[in-house]
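For reference, the chains in residue letters:
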Amino acid sequence: MTAQSIQTAATEVATSAHGAEITVPLNRLKASPKNARKTPHSPASIEAFAASIKAKGVLQPPVVEIERDGEGVPTGNYLVTIGEGRRQGLRLLAKRKAIKRTHPVRVIVDAENDAHEISLDENMTREAMHPADQFEAFQRLASEKGYGPEEIGARFGVSAHVVRQRLRLGSAAPELMAAYRAGDLALDQLTAFCVSEDQDRQRQVLEQTGPYTPAYAIRRAMTEAKVRADDRRAVFVGLEAYSKARGSVLRDLFTEDGGGWLEDVVLLDRLVSEKLAGLADEAREREGWKWAEPALDYPDVSALGRVYPVAVERSEADAAEITALSEEYDRIVSEAGAEGLSPEADMRLEEIDKALQAFGPDFDYPADAKARAGVMVMLGHDGLARFERGLVRAEDAVAPTPEEEGVDNDDGDADAGRDGSAPGPEEVGSALSDRLVIDLTAHKTMGLRDAVQADVSAALATVVHALALQVFYPGYGLWTPLQLRLSITGLERLAPGVEDGPAGRRVRDRCEAWGARLPERAEDLWSVVFGLPPSAQLDLMACCAGVGVYAVRDPHDRRPGALAQAEALATVVGLDMTATWSATAASYFTRVPKTRVLEAVTEAVNAEEAGRIAGLKKGEMAEAAERLVEGKGWLPSVLRTVSDAAEPEEQGAEAIRDDDAYAFAAE
């Protein structure tokens, strides 16, 4: 050290007696190795220090110790014993060029106390401000100073969103704030109350629920008369259209996705009805249907008849051109290299697509069918419009010919051929008594039974005919002598969206394919079914039988025998629900207790991963579980196929456990 530096150091020491307040350049301040706080300050806290210093300066001077070299000679630097956060905040401002590196900083020199001890004392004896005081202080800045969230955030180093949260909490009803200060309400409960700024509603819910109600229940009570922003009606209408119609939205400031609730339910329902009606009118005018109706919920269409699209007849020239374009499309795609399609090839594919679309669909509804049928436009579970086309009302069904209707007898009985129970036309008006007719036709029935048993092909055709009548010709299901009744229960009401799932789409596609092949008139079905080859008859029978399968476990409909047979059937056909259903937060994890979520993760992954998410809140745990089990093929027990090796007692016990799980989910 030079004589000049020694003289300078001596001068600094002379002016830096214990308790002296001096000014030191920022670049002369260093972190003290004796600081008791070894955990570094978080970036957020340093940002807060920097914002506060930038707005108000250093309000409390740091306490420093003179740095000395190995010989005890002052180095000219100072070690910050108390105030390391302020030093780092100043350094951050210097890094951002807001102040100079040599910015003067007022400090207080401590030359007597042990640096480590006073650092420990500083961190142990201070008590943080209660959050309620902070919330109300922010609220006071906004009301008295007129500061907005952005300005408050800039002055304290927090985001404007955090400020909005604290302002909302600061405006809670006084009763809530008092309960929070007293420890009777937790922070998550307070945030649930503050989802709305309506203090009267907050007090009302507090009286109804009490201080020990979970946060999710409080939030539900605060918003019970509102519609969630992810409700299918809100998704269908869109928040922009709803807001444009002057509908108010209650935003949740305390969730990551910023979800909310639509407060004007009447307005929302009106907008849904108007949009559905508009889509129905557009479909009727564009496609040429006789009628079109909107429906908010999935209606019961089983009482309606249905017409199906048929193959569009094309000229030989059009068919040849379509074939040539399709082959060219396939050739271009197959010749694509590892780098993909060239711009020219991609452009050509677009041209072919447009050319093929110009020919229209390969299957369409005939004009005469559209003149009798209609379309229903429904709101799907996912908030998208769903179109059910080709529906025929009873008054629009094709009437049977007079020969098929039968001739009225003296007693006024008609419709002889419709249910198969009345005598044929040649017997009407005869002298045969009813008792004799019953006797004779009983013998005829026995003869038919004998003949059907002896003719496998006829038996198959009879069964297929009876099933197809009930599946494809609603209202004509009794037009068969076979006492085989097929109940068809819609599943969309029980599980919204099941019709649009992978299995639901496959079932619908098979039915539509067969509907296009079968005649429109029920009385023409027999000749068509009997003329099909056995393989096609079996395919049609499988299509109809599948539609009639019902294995829903309803706690109000106990059918243990049928459910046991359903499990046996699932085993026989090798049912694998992993190709149809997957466990997600929406489909499973948010609908079961936390213990079930952790059991699922343990089974699908391992107990270690389950332990990692055990402390999360329900919503966060559900989302984490969805990510963990994705691709693992995990299924809840109620969806698993029972093994042939399982003992009957084990199967019964499993059914009881599954019923309990179903009952919980239903609640």
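Now for a quick tour of the structure. Since we're looking at a predicted model, the values are computed, not measured. (Residues numbered from 1 in each chain as written. Predicted model: local features only at pLDDT ≥ 70, side-chain atom pairs only at ≥ 80, totals over all residues. Heavy atoms only, no water.)

Let's talk about the pattern of salt bridges
At step 1: Following the criterion strictly, the structure yields 37 salt bridges and no others.
At step 2: Here Glu144 and Arg140 are joined by a salt bridge, their closest N and O atoms 3.0 Å apart. Of the two residues, Glu144 and Arg140 are both situated in helix H5 (residues 131–145); the distance of 4 residues between them amounts to about one turn of the helix. By the burial criterion, Glu144 is exposed, and Arg140 matches it. (Salt bridge = Lys/Arg side-chain N within 4 Å of Asp/Glu carboxyl O. Helix = DSSP H or I, 4+ residues; strand = E, 2+ residues; numbered from the N terminus. Buried < 20%, exposed > 50% of the residue type's maximum accessible area, 1.4 Å probe, protein only.)

Remarks on the sheet that holds strand S7 (residues 249–251)
At step 1: Spatial strand order, S6-S8-S7: 3 strands in an open sheet with antiparallel pairing. In this open sheet, the two edge strands, each paired with only one partner strand, are strand S6 (227–228) and S7.
At step 2: As defined by bridge partners, S7 adjoins strand S8 (residues 260–262) across 3 bridges and the pair is classed as antiparallel. In the strand pairing of S8, Val249 is matched with Leu262. (Pairing = 2+ DSSP bridges.)

Let's talk about the pairing of strand S14 (residues 385–392)
At step 1: Bridging between strand S10 (residues 305–306) and S14 involves 2 bridges; their strand directions are antiparallel. Along S14, the bridge assignment pairs Gly305 with Val392.
At step 2: Pairing analysis gives 6 bridges linking strand S13 (residues 374–379) to S14, with the strands arranged antiparallel. Looking across to S14, one finds that Val375 is bridged to Arg389.
At step 3: The turn linking S13 back onto S14 is made up of 5 residues, and Gly383 within it adopts a positive phi angle of 85°.

Here we look at the side chain of Gln202
At step 1: Mapped onto the elements, Gln202 comes out in helix H10 (residues 199–209).
At step 2: The exposure class of Gln202 is buried, given its relative accessible area of 1%.
At step 3: Setting aside its immediate chain neighbours within four residues, Gln202 contacts Ala172, Ala173, Leu176, Phe193, Cys194, Ser196, Glu197 and Met222. (Contact = heavy atoms within 4.5 Å.)

Structural notes on unusual backbone geometry
At step 1: Backbone geometry at Lys97 places phi at a positive 65°, although glycine is not the residue there.
At step 2: Summarising the element assignment, Lys97 is placed in the loop between helix H3 (84–95) and strand S5 (104–109).
At step 3: On the basis of relative accessible area, Lys97 is assigned to the exposed category, the value being 73%.
At step 4: Although it is not a glycine, Arg246 adopts a positive phi angle of roughly 70°.
At step 5: In this structure, Arg246 sits in the loop between helix H13 (239–244) and S7.
At step 6: For Arg246, a relative accessible area of 79% translates into the label exposed.

Here we look at the packing of aromatic side chains
At step 1: Counted under the stated rule, the structure contains 8 aromatic pairs.
At step 2: Taking 6.3 Å as the distance between ring centres and 10° as the angle between the ring planes, the aromatic pair formed by Phe135 and Tyr180 counts as stacked. Residue Phe135 is located in helix H5, and its partner Tyr180 is located in helix H8 (residues 174–181); the two are separated by 45 residues in the primary sequence.
At step 3: Owing to a relative accessible area of 6%, Phe135 belongs among the buried residues under this scheme.
At step 4: Residue Tyr180 is classed as buried on the basis of its relative accessible area of 9%. (Phe/Tyr/Trp six-rings, centres within 6.5 Å; stacked < 30°, edge-to-face > 60°.)

Comments concerning a negative patch on the surface
At step 1: A grouping of Glu620, Glu623, Glu626 and Glu630 is seen on the molecular surface, where their side chains present a negatively charged patch.
At step 2: With respect to the helices and strands, the residue Glu623 is situated in helix H28 (residues 618–629). (Patch = residues over 30% accessible without salt bridge, like charges linked within 9 Å, V, L, I, M, F, W, Y side chains within 5 Å. Areas by Shrake-Rupley, 256 points an atom, 1.4 Å probe, with all protein chains shown as cover. Lys, Arg positive; Asp, Glu negative; His and termini not counted. Charge placed at Lys NZ, Arg CZ, Asp CG, Glu CD.)

As for the sheet that holds strand S9 (residues 291–295)
By definition, the strands of a sheet pair up through backbone hydrogen bonds, in either a parallel or an antiparallel sense.
At step 1: Pairing in this open sheet of 4 strands is mixed, and the strands run S9-S13-S14-S10 from one edge to the other. Whereas interior strands pair on both sides, the edge strands pair on one side only; in this sheet they are S9 and S10.
At step 2: Running over the sheet, helix H14 (residues 265–287) touches S9, S13 and S14 and is turned about 160° from S9. (Axes fitted to C-alpha atoms, helices over the stretch in contact; angles between N-to-C directions.)

Some words on the pairing of S13
At step 1: Most of S13 sits inside the fold, with 6 of its 6 residues counted as buried.
At step 2: What you see with S13 is no split at all: Gly374, Met376 and Met378 on one side and Val375, Val377 and Leu379 on the other are buried throughout.
At step 3: The pairing of S9 with S13 spans 5 bridges and is parallel. Directly across from Glu293, in S13, lies its bridge partner Met376.

Don't take any of this as a statement about function, it's just geometry.
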